[in-house]
Every structure is written in structure tokens, then in C-alpha cells.
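# Structure at a glance
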Amino acid sequence: MTGAVDITLLVNGKTYTGRAEPRVTLADFLRDELRLTGTHLGCEHGACGACTVLMDGRTVRSCLLFAVQAQGHDLATVEGLAPAGGAEGLHPLQEAFHRMHALQCGFCTPGFLMSAYELLQSNPRPTEEEVRTWLSGNLCRCTGYQNIVEAVLAAAAEPEPEAHQ
Amino acid sequence: MKPAPFSYFAPRSLHEAVGLLVEHGDAAKVLAGGQSLVPMMAFRLAMPDVLVDLGGVGELEHSRVEGDTLVLGAMTRHRAVQDMGWLRTRCPLIVEGVELIGHPAIRNRGTVGGSLAHADPAAEWPAILLALDGEVDAVGPNGNRTIRAADLFQTYFTTALAPDEILTEVRLPLPDGAPTGSAFVEMARRHGDFAVAGVGTQISLHPNGTIVDARLALIGVADRPVRAGSAEAALRGHGPTEEVFAEAASVAIGEIEPSSDLHGSSDYRRHVAGVLVRRALTIAARRAAAA
Amino acid sequence: MTTRLFGEPVARKEDGRFLTGRGRYTADFEPHAAHAAFVRSDLAHARITGIDTAAAGEVPGVLGVFTWTDLDGEVAERLPLLVPSDALVNPRTQHALARDEVCYAGEVVAMVVARDRYAAEDAAERILVEYEPLPPVVDLETAASPGAPTAHADMQDNLAGRVSEEHGDVDRALTAAPHVFGWRFVMERSAAMPLETRAVVARYDQTEDRLLIHDSTQAPTGVRFGLAMLFGMDTDRVHVVAPDVGGGFGQKVIQFYPEEVLVPWAARRLGVPVKWVEDRRENFIGSNQERGQIHDVRVGVDDEGRILGLEDRFLHDTGAYCSYGLILPIITAAQLPGPYRLENYRYELRSVFTNTVPTSPYRGAGRPHAAFVMERVIEKVAGELGLDSLDVRRRNFIQPDQFPYHVGVTFQDGGPTVYDSGDYERGLDALLAELDVERTRTELADWRRTGRTVGLGVAGYVEGTGIGPYEGASVSIDPDGTVSVATAHGTQGQAHETVFAQIAADELGTPLEGVRVTTGDTRRLGFGVGTYASRTAVVAGNAVLRAAQEVRRQAASVAARILEVAPEDVVFQDGSVHVAGAPDRRIPLGRLAMASNPTRYAFGRDAEEGARLSQLAYAGGDRPLPEGSRPGLAAVEYYSPTSGVFGFGFHGAVVEVDPETGEVRVLRYVVHHDSGRVINPMVVEGQIHGGVAQGIGGALYERIAYGPEGQVQNASFMDFLLVSAAEMPRIEQVHTETPSPNNPLGIKGVGEAGTIPVSAAIANALSDALGVPVDRMPVMPEDVLALVRAAE
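Residues numbered from 1 in each chain as written. Chains lettered and ligands numbered in written order. Predicted model: local features only at pLDDT ≥ 70, side-chain atom pairs only at ≥ 80, totals over all residues. Heavy atoms only, no water.

### Overview of the overall build of chain A
When helices and strands are counted, chain A shows five helices and five strands. Along its sequence from the N terminus, chain A presents helices and strands in the succession β-β-α-β-β-β-α-α-α-α. By principal-axis analysis of the C-alpha atoms, chain A measures approximately 50 × 30 × 25 Å. Taking all 165 residues of chain A together, 66% fall into the buried category. Residue pairs at least 24 apart in sequence account for 55% of intrachain contacts in chain A once pairs closer than 6 positions are excluded. Here chain A displays about 5,100 Å² of accessible surface, and carbon together with sulfur accounts for 51% of that area. (Helix = DSSP H or I, 4+ residues; strand = E, 2+ residues; numbered from the N terminus. Buried < 20%, exposed > 50% of the residue type's maximum accessible area, 1.4 Å probe, protein only. Contact = heavy atoms within 4.5 Å. Areas by Shrake-Rupley, 256 points an atom, 1.4 Å probe, with all protein chains shown as cover.)

Dropping the structure here:
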């Protein structure tokens, strides 16, 4: 089918339904159909990492996945990172990014947060080099990465956070 | 940068998938992890009319060890291989190669079979398969067949697979017996970039310390991954010394035909390949000696 | 007074929304808008002989297909020349849609509007453009040579403009100099690459004849005035908002890019909201680039390395058009002397057309080239004479007692280049102390003995920042006591919401949370210039100070009336005013704001004060609004500096080369920086981090590669290599503060400082490591390997 199809996605613990052609990327579907615009598009060819979201707990480039492919999986976006998905509280990573001035224009920030989240899930006490290597798939044009790396290390030094769901 | 329209099919079985390929012929393209295909579709460099997504074909997602062979279903994600802790000591060539593929999010989606079938001459999996003398299984309308690594890669982005065949399984013989060491080294412009040149190697030592078996697979230096057979021959029967490795490197760079691009001229790639052959052999020899 | 916020590393007010996915970038507005896509020339130079749009019109969902013949009125004319100059001999700008000739690969030829971007791209692909190819000229030096093909068919040569100036007598100085050297320096094309591409959304309200545009621009005010003129609309019917902008670095300061005209034009024409979000491929071929200069320098020095005279003849690649005039090369020429006394200095610049993407400022804006040339000259002079280059720097420094210092050539604003303040010796000393230079040199010598190829490089710069013409600020106090600050320029991550709040909060005695800052919304403030040239903190910051001071004066006057004391006895603290020495005689700012607006009606509980005051005034036979006062606590003030203010700094790099592959690793990167007084040190350090990353990218990774036919060959993030966290070294920083005497806050700009001397420092370090000169930037591993071999 090239025409629009119904697509049901589980995002941040909530079920959403929309319609889109099979060619619509997960990133576009999240942004345009579900109005979850925290996921950004910086290159649309899988190189910048701004569109990084979690699928079944693992990071994926949402520009390299069609929305139809994400059905039946458990998705998480930056909007769901804070505890209980609320607007008030911040996840320890978000707090550390704030405290350490790890963001400037903010455009790449959601992707970095999701990547760093997966890193700390799989490696709760990374070294600086491990953080730099892990985050090398996320591009930032403002910060020179230094404070992002500092923030991830600072968040890693804190007690284990509650997961997003 | 939005893909052109296509019809999307998500078969639940291999049988169904092959049926779709037969039905749609050249118009169809197999979607595995999508980490190479989807960017090409975004640039509209690839505009398949039909996408057959293997994501729902459960029988392609298995991995096991059979005797001394690592068996990977075609839809095994790079990340799954990277997470096989035991493999890091048993055959570092594989894990080191896999870790050089892109970035975490790419490795979470990209698949072994997808990488082999895509046959990018600078990709790591083809070199791993070649270096280990592995083989793949493919299924098509006429049933199953096995393709040896040496026969799989033909030229840029082209394999021996027919358009209606699906790569289903990869078998990688793991080292056994003699003390063996392996390594995968490459030079890329940035961490995670495709290699300017790369080398996967495995060498085994005789109890007297000489090399009894050597494999060298080079990437980024020809229209396909290259086994440097003459360099391997130059290693066999010799001690793992700097001079021998240097000689092997100079033989190896005669076996490749790099092309020029933005990240390196043909001469530069050839030179770097020689340097990397030497470095990879040095690491592998050290590991073999310690094995 | 509450604890002073100026100078404190307070965490940013704007972070919350960005961290939780609630930032609002241009692409996030108007979710149901139609989308535009563009057909761009794939040839660098050609005549258009025909365009067939029939098939495109048949694609489902297409609302309109447009070519130049569809444009009307002013929109059909060439786009405005942004920075006019008498020295421009060929002031050529492009049409919004190419008329009959395309002059770079990427130039917009046709526009499609469809229900979504997918459909718009489907249609764009079906537009057939027939071209008659013309010979392209791509290489800068070739373009400047006699008899070269011309980038524009109707021109005799490729000269866009030429400027020359002389300070002192260079010929005499060079004739008399004991040593004269001649060298060539080359810097290649690069680009800004903000993570958010450009984007425009336009909504036209036919009933009210109003146009509202969201634009990822650094200069919303200019876009607004310009569009109003182009469309023949009243200015107050056009508004432009630059919402959250995902980085700009100069690329988004152009008014206009074709799409910024075409998208609003199409919204008016079609009567539906229209959105265009540039994709990355378009950004590589349709958004301006920079760098690209070739310098031929002659320098005369004495035996101690004192520069007696310097001549620089250079070429600047302006690309296919020159809407930014000659500003870039003029900045290079004016800033070339850096921290050094050049008593005899002459330059001759030629800005040259090529069939490539147009150029305009990218972070550093002509200054990285200047620092590269000057600092390589210093290093090479030292090398030729067997001197320590640090000594050569010191011998040539402008001294602290020589400020204000007249460089002797014209600044980018048209006035003389006059440095306001500086202490270069102190800056260099601070860098060397942070670097622990003696230990570093010993360490490098030890490493070299073990066979490592390592080197140390130092480079300095002076950056003219905070230029005019002006910027404004509106400050008012809301009924709830919130101090509302608005400026007109756009923000792209520079923490304006925080630093302006720091300034206003200090002045009005409120906590930081009590201030709300809006930037880049012409509905709030219509007059302003834009965010560029490291100017916003300086120019808008001082405007905020003025407006806050005026509101403070008003508030003190109203409070004095209510509290029956002299205005001088009113203390501003913790969001309230109180009588000096009597903190219990207090009025919260919100109530004071209501009280300052004497009303007939108490339209809310807090408004009672105003109504009561009004009645009291009449009862006492007074005017509710005393002569000379205005209702409310609100002011709009502007600040217009006389000239720029000049920051400076010195960078030190330790690099290691892999002599077998030519790969370069930056082992240490140390920054000294002085931008006068600092509003928020955390923000300043962050600006430096980002600037250095772009500098290291520009030195070792990033280059726009044109093929011989003029196509960008690396138009993707796979092939244009933005540095990642894995390539970046940890940056060490040390700061000095030499306040500017030219503005009340004593501040200077910092936005571009981090980038400017990086190529120079890396080149000097590589030259030190390899023992051969590195006079071309960027250098990729293969280039470095060639240098290694040259050294052998």
C-alpha cells in the first residue's frame, strides 16, 4: 500500500493512533501527527542524532525508521524523560544538563539526552572517554561537547534514577 | 529529503518474504535494519516501488554457537554481537570490527545480513566474513543455497545474491587449536565514520612460534572487500616479526586497487592500508603469543 | 540591593523548555500548513531555456507551482543588496526564482507548494528544467585571472569589488627593512552548519490583511521591514517572529534568502499557511558559506623581528552573488593587524565572483583568515630569524598606554578602526601560565626524543565586537510584578533570556525568576538590527540597562509620591520598593505598576490602588497623572555605540601527528580570553567551547569540497565532517577582564572569539611538530602526510 494507513504507536507509555503513508518516517509521524515536536530533524540521513528516540529501551534514529515499523514497540521520546512524563520535575540527566550549561540553542539536546540515557542504562559509571565515544553519533554545533560530557558524568555520579515509565 | 512513495509489506515468514520478492521482481527491495537503505531513500538515490520489511520475520533473529562456528541469523543486530562478552576474547576481530560500525543507535538497528547484502566496500562485516572464511545461506524461489565468503562480494554494492534471494544466515568459523590472535583496525576520519581503509586479520602460530595461518581482509581499498592472499602466503612459515609484517604489508598493498574520493586519494588509501596491515598484524601476533 | 547577578554564573532561564522537548522552533509552528519544496539548479552555470511544470501540477496534493514568470512587482526584481558600498563595481544579487541564468548549483529555479513536504518533493521531481550549460568558474584564483570564464554571462570579468588602503608608507618601510619576506596563505571554503536548518512559516490573514511569519532568522526586524516593502504592505500589518532558533553562526543573518520572500509570497497568493523547512542537502547548496581567501603577504622586519611594514594583497571568494557587499574581506583587512603595531600597513583586497554558493559571515567572519595570516607571519618571521616567536609577539604588541589605539584603516562600520582597550602582554602571560609553557616545552622535547611527532602553537587575535548601529529594549513591569523585557533581535542559543534578565534584575532589585525576556518578536519591539558580529550582549545589553534605568526612575518617582519620601530614598529590593532605613514601608513592584496607572475603574483587585490614587488626586486638586509622567512602568530605550569594542585573546594548542597516516590529535587546547567585564562567566565559557569546536573543525575536518564543475561534492553529514565529542579535546580556559571604557557595562562581545585564532594556533602547532610551514587551512590527514614527507 502506498496510500495512508492507520498507525498505532505506544509512546511514553501512551497509545496514539494516526494515519500516514508507509514512507512517513517515525520522526515526521511523531512531530506532525502526534505533535511530539521535541524530537528534532537535523539531517534526515542518520548522521546528526537529533532525532534519537528509544525503542524498546534502545536508541534509534527516528529518521531512519518508518512509522509503520515502530508499531508494536515501546517508544520513548524526550517528552517522556522526566519522571512520570510531567512538565515540572526533571530527570537527573536533564538537571545535570541545566546545571552544567550543557545546552545552548537546544536543538540537539533531546537527541543527546536520549543517547546519554541509554548509555547510563547500559553503563552506569562510564569514563570520560566512554562518554565521548558513545556520544560521537550526536552532533552539536554550539557547546563544543565539553559541558555535555561533564553533565553526563555528573548525572552518572548520582544515584540510579527512576526509569521513564 | 523525503523518500519517494512505496508499497510496504511486512511478511511474517521467510516463505512469505520470498513470495513477495518473486511477485514484485526488480521493483522490490528488502528492508533489514535500514541504516544504509533509508538514507539513500531520503536522498532519493534509492526509490524502490516496494519495500519488504524483514523486521517481522522471527526466524531470521537467532544466534548460537555450533561447535566452533558462530551462527547468526541475518536479522541479528550489530549490538547483539557487540554484547557477546565471550566473543571479545575468543575472536576480537569480530567485536572490534562491529564496534567500528557507526554509532550506538546505528548498531541497535543495523543487521549482520543487511550489511553483508548491502556490500559497501568500506563496511566491516564483509571483512569479518572474508577474514574468517565464513559462509552465508540464502533462500530464494528455488530453495536454499550456501555462498562462501570468497564468492559473495562482486563489486560496489553488488553480491552474488539474486534479486529474489534473501540472505538468511551467517556462519563464522571461530579459531580453535593453535594459538590464535586477531584484530580489526581501521582509519576513519571521525569516530564511527566509514573507513578510509581498514584491516581485519587473524593469525595462528605453530608451537615453534612461526605463523601457520594468516588471514588479511582489507576494506575501503577496492570495489569490494579484499583478501590479501599473497600477503598471507608471505606470512606463513615466518616468525611474527616487524620485518615480516612490513614485507606482508608491502605485498598486500599490491593486491588492492583503491579509488580516490574526498577522504583520500588512491595513493593515500594504499599507503594507509599498508600501515594498518602492519599494525593489525602486530596486535594479532601479540594476542596469539598470549593465547 | 539584592545580591548582584551581573558577573554570576547563574544557570539559564531558557533551559527548562529545551530539556523537556517544549522548545518551539520554526518547524514546530502551523502543523497543518502546506509545505514548499524547491527545484534547484544542478548546474553551476547555465542559461535556462525552458521549464516544464505540467507533470508537477498533476501530483495529488499540489496547490501551486511557480517559476519566475509567476512573480509579480518587486518580488520579481533582484533581491536587495544588503550592504551597499561604493567599492562594489558589480553589486549583483540573485532573483528569488532564477530568471534566465543560474550562477551556482543550488540556485532556486522553481517552487512547489503541496499538502505536505512529501508530496511537494514528488512534484518538484517532476519539473523539467532545460538548460544551456555555460562554462563555470569555480576556483578563486582562476576566477581572478584575466581571461577567465565569467561567473555571470553579462560581465566582463569576475570582480565584485576592490578596496585598498594604506597606513604609513609601506614601500619605504619595506625598502629600508633589513629582512623582507613574501609568503602565501590560503584558507578554503567552509560553512556554518547550524543543527537546525533554515525554516520559514507564513500565515496570511486576508480579512485583516495581516502577515505573520515565523522565521529561523538572526534578524527578524530586517525581514519584516523588507517584506513590507516588497509586498507593498503597511509595516504594522507584517510581523516576523524568530522563535527558538537552533543555531545560526551567521548563516541566518541574510535578509533575504529567496525562500524568505517566496514562502510569505505564496501564503498570500494561495491564501493558506505555507511552511518551508530546509533539508540538510538544501542547506549545503542553498545557504551561504564562508572562508575562501588567498593572501599574498610581503613583510619587512628588523633583526629582532619588529614588523616595519606589511603588505597584504588578497582575494576573497564572494560566491555567485554579493548581497553582503564587501563586509567580509573588509573585516579581514581591518582585523589583520590583531594585537600588533603595524605602523606601515597596506592591503588590497579583491572580492571575486565564482559559480559557487554565495558567501556571507560565518562565526569569525573574515577574522579567522586575518589571525591565520598574521600569526603565521609572526611565527615564520621568528623561524627565519632564529627567534622565539613569543618574544617576537611581545616586541610587536600594542602597549597598554597606547589605547585608544588607531589601527589606521577603516573598520567594517565605515569609521576608523580604534581599539578601545586591551592588555595583550597580560593576556599572553595568562595563557602561558595556564599552559605552563616551560613545562610543556620540556615535555614536548621529551616526547620527541621517544619518537613522537608533537608540537606547540600559539596564536592571538583582536576582535571588533559590539558594533552599531543600534539595538533597543523594552522593559515594563506587569501587574503581577514580573519585569518584562523585550528585544527585537533573534536569539540562537546565546542565553539572552538569562543575561538580559541579569541586567534588568540588578537594576530593578528583583530576583532572576521575576524577569521574563522575549527576543526576536517584532510584535513586542519593532526596531532593532540583528544578532551578528558578537554584538548583542553589548548593544542590546546596554539598551536593556537604559530601559531598566528609566523604569527604575519612573518607579522611584511613583513610589516617592505614595510613600511621601524623596525618590532618592526609595530602595529596590526583592521585587519591592521600600523606604531607605524603613524596610516595612514597602510596595511590591506589581502593585506599584498598577498604582502608576491611575484608572477610572478598579478592573481587578490589584487595580484598586490605581482607582483610589485617581480619586485621591482629584480630591486633592491634582492631576492623577502628574505632568511629565506616563501611565504604567514601562520604557523603550535604544543604545547606539560610537564604534566597536575590541576583545582579544591568545590560544595555545598542543598537537600530535601520526607520521604514518597524517592523522592529527589535539592533545591540549588552552584559551585565554578577554571580553571586558563578564555578565555570566558560565555562558562566556560555553561560547568559547563552541567557538573552539568550530575552529578545530575548520582546521582539521570541515571543508566544502567543490568539484571542477561547481557542484558541492560533500553535501551530507557523512562527508562534511562536523567534529564530534570523540575528536574534541578538553578545553582549558583562563580569563582576564579589561573593561571597555566605551559602554556603561564595560562589556565586549564574545560570540565569535573562540573560533578566530584556532586555525592559526593549530597551523603553528603543526608547523612546530613537523618542522615545515603549514600555510593552508584546513589540513586533512592526506595533506599532513604530504607535509611529513616534505619534512623528511
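### Observations regarding the interface of chain A and chain C
Taken together, the contact pairs 48 residues of chain A with 54 residues of chain C. Of the roughly 4,300 Å² buried between chain A and chain C, counting both surfaces, carbon and sulfur atoms make up 55%. Remark: the boundary between chain A and chain C carries five salt bridges. Taking the shortest distance from any N to any O, the salt bridge between Glu150(A) and Arg730(C) comes out at 2.5 Å. Counting every contact that joins chain A to chain C gives 27 residue pairs in polar contact (both at pLDDT 80 or more). Elements with a contribution of two residues or more to the side of chain A that touches chain C: helix H1 (26–33), helix H2 (92–99), helix H3 (109–122), helix H4 (128–134) and helix H5 (146–156) of chain A. Examining the composition of the side of chain A that touches chain C, we find that four residues originate from one element, H2(A), more than from any other. Classifying every residue of the side of chain A that touches chain C by side-chain character gives 19 nonpolar, 17 polar and 12 charged. (Buried area = accessible area lost by both parts, 1.4 Å probe. Salt bridge = Lys/Arg side-chain N within 4 Å of Asp/Glu carboxyl O. Polar contact = N/O pair within 3.5 Å; in protein donor to acceptor, adjacent residues only side chain to side chain. Nonpolar A, V, L, I, M, F, W, Y, C, P; charged D, E, K, R; others polar.)

### Examining the interface of chain A and chain B
How big an interface is tends to be stated in terms of accessible area lost as the parts join. Contacts between the two partners involve 29 residues from chain A and, on the opposite side, 29 residues from chain B. The largest share of the area that chain A buries against chain B comes from Arg23(A), Leu64(A) and Phe66(A), three residues that together contribute 25% of it. Viewed at the interface, chain B and chain A are joined by four salt bridges. Note that Arg58(A) and Asp83(B) form a salt bridge whose closest N and O atoms lie 3.5 Å from each other. Where chain A packs against chain B, one counts 10 residue pairs in polar contact (both at pLDDT 80 or more). Counting only elements with at least two residues in the side of chain A that touches chain B, the list comes to strand E4 (58–61), H3 and H4 of chain A. Per element, the largest residue contribution to the side of chain A that touches chain B is four residues, and it comes from E4(A). Here the residues of the side of chain A that touches chain B are counted per class, giving 13 nonpolar, nine polar and seven charged.

### Some points on the sheet that holds strand E28 (residues 731–735) of chain C
Strand pairing in a sheet relies on backbone hydrogen bonds. The paired strands run either parallel or antiparallel. Residues and elements named next belong to chain C. If you walk across this open sheet you meet the four strands as E18-E26-E27-E28, and the pairing is mixed. Strands with a single pairing partner mark the edges of an open sheet, and in this sheet they are strand E18 (453–465) and E28. On average, adjacent strands in this sheet sit at an angle of 15° to one another, irrespective of strand direction. Where strand E27 (residues 664–674) lies against E28, five bridges are found, and the strand directions are parallel. Looking across to E28, one finds that Val670 is bridged to Glu732. Together, strand E26 (645–657), E27 and E28 form the strand contacts of helix H18 (residues 681–700), whose direction differs from that of E27 by roughly 140°. (Pairing = 2+ DSSP bridges. Axes fitted to C-alpha atoms, helices over the stretch in contact; angles between N-to-C directions.)

### Brief notes about the domain arrangement of chain B
Residue and element names in this part refer to chain B. What the domain assignment lists for chain B is domain 1 (7–53), domain 2 (64–173) and domain 3 (180–290). For domain 1 versus domain 2, the distance between C-alpha centres works out to 19 Å. Taken together, the contacts link 12 residues of domain 1 with 17 residues of domain 2. Taken together, the two surfaces of domain 1 and domain 2 that pack against each other cover about 1,100 Å², and 76% of this comes from carbon and sulfur. If you sort the residues of domain 1 by the area they bury against domain 2, Val18, Ala32 and Gln35 come out on top, with a joint share of 40%. The tally of links from domain 1 across to domain 2 stands at zero salt bridges. Linking domain 1 with domain 2 are zero residue pairs in polar contact (both at pLDDT 80 or more). Sorting elements by how many residues they give to the side of domain 1 that touches domain 2 places helix H1 (residues 14–24) first, with five residues. In terms of residue class, the side of domain 1 that touches domain 2 is built from eight nonpolar, three polar and one charged. (Domains from an automatic or database assignment.)

### Considering the pairing of E27(C)
Here is the key point about a regular strand: its side chains alternate between the two faces of the sheet. All names here are of chain C. The buried fraction of E27 amounts to eight of the 11 residues, a majority that puts the element mostly inside the structure. As defined by bridge partners, E26 adjoins E27 across 10 bridges and the pair is classed as antiparallel. In the sheet register, Val654 faces E27, and the bridge partner there is Arg668. The parallel pair E27 and E28, bridged by H18, forms a crossover whose chirality is right-handed. (Right-handed = clockwise from strand over helix to strand, strands pointing away.)

### Overview of the domain arrangement of chain A
Residues and elements named next belong to chain A. You can read the domains of chain A as domain 1 (5–80) and domain 2 (83–156). Using C-alpha coordinates to define each centre, domain 1 is positioned 20 Å away from domain 2. With 20 residues of domain 1 at the interface, the matching set in domain 2 holds 14 residues. Where domain 1 meets domain 2, there are one salt bridge.

### Regarding the nonpolar core
Counting residues in hydrophobic clusters, the biggest one holds 186 residues, and the most contacted among them are Phe97(A), Ile696(C) and Ile762(C). With 10 residues, helix H10 (residues 367–385) of chain C is the largest single contributor of residues to this core. Among the nonpolar cores identified, the runner-up in size contains 52 residues, and Met84(B), Ile94(B), Leu132(B) and Phe153(B) belong to it. (Core = buried A, V, L, I, M, F, W, Y, C linked by side-chain atoms within 4.5 Å.)

### Remarks on the pairing of strand E2 (residues 28–31) of chain B
All names here are of chain B. Pairing of E2 with strand E3 (residues 50–53) involves four bridges; the strand directions are parallel. Within the sheet, the bridge partner assigned to Val30 lies in E3 and is Val52. A crossover links E2 with its parallel partner E3, the connecting element being helix H2 (residues 37–42), and its sense is right-handed.

### Notes on the side chain of Ser474(C)
Mapping Ser474(C) onto the fold places it in strand E19 (residues 471–477). Ignoring anything within four residues of it in the chain, the contact list for Ser474(C) reads Ser484(C), Val485(C), Ala486(C), Arg524(C), Leu525(C), Ala635(C) and Val636(C).

### Focus on the environment of Gly644(C)
Residues and elements named next belong to chain C. Tracing the backbone shows Gly644 in the loop between strand E25 (634–639) and E26. Spatially, the C-alpha atom of Gly644 lies 9.7 Å from that of Ala533, the residues being 111 residues apart in sequence. Apart from residues lying up to four places away in sequence, Gly644 is in contact with Phe411, Asp413, Thr465, Gly466, Ile467 and Asn742.

### Some thoughts on the sheet that holds strand E5 (residues 69–73) of chain B
Residue and element names in this part refer to chain B. Taken in spatial order, the five strands of this open sheet run E4-E5-E10-E6-E7, and their pairing is antiparallel. Strands at the two margins of the open sheet, each flanked by one partner only, are strand E4 (63–66) and strand E7 (143–148). Averaged over all adjacent pairs, the angle separating strand axes in this sheet is 20°, with direction ignored. Contacts from H1 reach strand E6 (135–140) and strand E10 (166–173) within the one sheet, and its direction differs from that of E10 by about 125°. Sheet strands touched by helix H8 (residues 124–131): E5, E6 and E10. Its angle to E10, the strand with the most contacts, is close to 50°.

### Concerning H18(C)
Taking 1.5 Å of rise per residue, 20 residues should cover 28 Å, and H18(C) covers 28 Å from first to last C-alpha, within 8% of that figure. The backbone nitrogen of Met682(C) has a side-chain oxygen 3.1 Å away, supplied by the residue at the start of H18(C), namely Asn680(C). (Expected span 1.5 Å × (residues − 1).)

### Some points on the packing of aromatic side chains
Residue and element names in this part refer to chain C. This model, assessed by the stated rule, comprises 22 aromatic pairs over all chains. Centroid distance Phe185 to Phe372: 6.1 Å. Interplanar angle 80°. Geometry classified as edge-to-face. Residue Phe185 is found in strand E8 (residues 179–190), and its partner Phe372 is found in helix H10; the two are separated by 187 residues along the sequence. Taken together, a centroid distance of 6.2 Å and an interplanar angle of 55° make the contact between Phe397 and Tyr424 tilted. One end of the pair, Phe397, is in the loop between helix H11 (389–396) and strand E16 (405–410); the other, Tyr424, is in helix H12 (residues 424–435), with 27 residues separating them in the sequence. (Phe/Tyr/Trp six-rings, centres within 6.5 Å; stacked < 30°, edge-to-face > 60°.)

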